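Working through the structure, step by step
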Amino acid sequence: MQYINYYSSPLGKITLASNGNELIGLWFEGQKYFGSTLNGEYKQKSLPVFEQTAKWLDVYFSGQNPNFTLPLYLSSTQFRNEVWKILLAIPYGSVITYRGIADIMAKKRGAENMSAQAIGGAVGHNPISIIVPCHRVVGTNGSLTGYAGGVDIKEKLLKFENVDMSKLFVPKSK
């Protein structure tokens, strides 16, 4: 059985999902791939993992780095899991480029290079927003691109972390 609960954030309603023990999803309303880890049968329930997640988010949205980890369950392809593990290592208040992650992946796999677009696909399918910090990944030129929750939310999350925004920008719509 899977379970959901909700968290009211300064950026809107967040849906949390769990397998009963671990967090399996965290999405903003209307986010791309919303509910991707839910199998269709779930019920709303208060669980310790949801209480822990709410505490983590409270600390985060107060502009501080949460100093504790949550029980997470990330299950996808080997490639996506490897990318998500790299995301978890991005320090609070920092950013990395898609190319930077591609270079890390290439080195880990003993490859000459790796597609930054493939990395972008894996980053975009991250089911646990904020906690697995896909918002900390930016374009090589500093563009705030490719966030499933919307570029406006990505920008606000980075500002919560006091990221130096002077070299980052939101791409102009065509």
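I will try to describe carefully the structure that is included in this document.

The rules behind these values
- Residues numbered from 1 in each chain as written.
- Predicted model: local features only at pLDDT ≥ 70, side-chain atom pairs only at ≥ 80, totals over all residues.
- Heavy atoms only, no water.
- Buried < 20%, exposed > 50% of the residue type's maximum accessible area, 1.4 Å probe, protein only.
- Helix = DSSP H or I, 4+ residues; strand = E, 2+ residues; numbered from the N terminus.
- Arc of directions from axis to C-beta.
- Contact = heavy atoms within 4.5 Å.
- Polar contact = N/O pair within 3.5 Å; in protein donor to acceptor, adjacent residues only side chain to side chain.
- Phe/Tyr/Trp six-rings, centres within 6.5 Å; stacked < 30°, edge-to-face > 60°.
- Lys NZ or Arg CZ within 6 Å of the ring centre and 35° of its normal.

**A few points about helix α5 (residues 151-160)**
Within α5 the residues assigned to the buried category are I153, K154, L157, L158 and F160. Buried residues of α5, viewed axially, fall in a sector of 155°; they line one side. Check the buried side of α5 and you find it contacts β3 (23-28), α1 (48-61), α3 (98-109) and β6 (137-138).

**Some points on the side chain of S9**
As for its position among the elements, S9 is in strand β1 (residues 2-9). The exposure class assigned to S9 is buried, which follows from its relative accessible area of 12%. At 2.9 Å, the side chain of S9 and the backbone nitrogen of L11 are in polar contact. In this structure the side chain of S9 is engaged in a polar contact, spanning 2.7 Å, whose partner is the backbone oxygen of G12. Residue contacts for S9: discarding those within four places in its chain leaves I14, F28 and F61.

**Here's the deal with the packing of aromatic side chains**
All chains considered together, the criterion is met by seven aromatic pairs. Both rings, one in W27 and one in F34, keep their centres 5.6 Å apart while their planes meet at 45°; by these two values the pair is tilted. Given a relative accessible area of 37%, F34 falls into the partly exposed group. When the centroid spacing of 6.4 Å and the interplanar angle of 40° are considered together, the rings of Y60 and F160 count as tilted. In this pair, Y60 is assigned in helix α1 and F160 in helix α5, connecting sequence segments 100 residues apart. Residue class for Y60 comes out buried when judged on its relative accessible area of 0%. An aromatic cluster of at least three residues, connected via ring pairs, comprises Y7, W56, Y60, F61, Y92 and F160. One Lys or Arg, K13, reaches over the ring of Y6 and ends 4.1 Å from the middle of that ring.

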